[in-house]
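Spelled out, the chains give:
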Amino acid sequence: MSADGNWKVTINTPMGARTMAVSIATSGDTFTGKVDSEMGAQEVTGKVDGDTLTWSTDITNPMPMKLEFSAKVEGDKMTGNCKLGMFGNAALTGERA
């Protein structure tokens, strides 16, 4: 599994679908990347476990909360979950850009 590259990721939140451009560079059991979304640009770091990526980020818009991501990469597709703080979970899907 190689998650390296550029992705178009969509999170289906209670406030509607949110799409972001994500770049990922793996190195062993970790990765670094950048997320560009309507909330701005943010650098991210996370963990790689087989074909699964996990990371978290703090946001302030539309309100302050921690987002926790888990995504499984299969070829040119990504599926997973985003924990939206106290607001539950949202499905995550992605495809190579």
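Per chain, residue numbering runs from 1 following the sequence as it is written. Residue-level local features of this predicted model are given only where pLDDT is at least 70; pairs of side-chain atoms are given and counted only at 80 or more, and the full residue set underlies all totals for whole chains, interfaces and linings. Each side-chain value is worked out from all heavy atoms of the structure, with water and hydrogens disregarded.

(A) Structural detail: the packing of aromatic side chains. Only the six-membered ring of Trp is used, alongside the rings of Phe and Tyr, when aromatic pairs are assigned; centres must lie within 6.5 Å, and planes under 30 degrees apart are stacked while those over 60 apart are edge-to-face, with the rest tilted. Per the stated rule, a full pass over the model turns up two aromatic pairs. Geometrically, the ring pair formed by Phe31 and Trp55 is edge-to-face, given 5.7 Å between the ring centres and 90 degrees between the ring planes. Placement of Phe31 in strand 3 (residues 30-37) and of Trp55 in strand 5 (residues 52-59) is noted, with a sequence separation of 24 residues between them. When the centroid spacing of 4.6 Å and the interplanar angle of 5 degrees are considered together, the rings of Trp55 and Phe69 count as stacked. Pair noted here: Trp55 is in strand 5 and Phe69 is in strand 6 (residues 65-74), with a separation of 14 residues, a long-range link. Pairwise contacts between aromatic rings join Phe31, Trp55 and Phe69 into one cluster. Going along the chain from the N terminus, every DSSP run of H or I of four or more residues is numbered as a helix, and every run of E of two or more is numbered as a strand.

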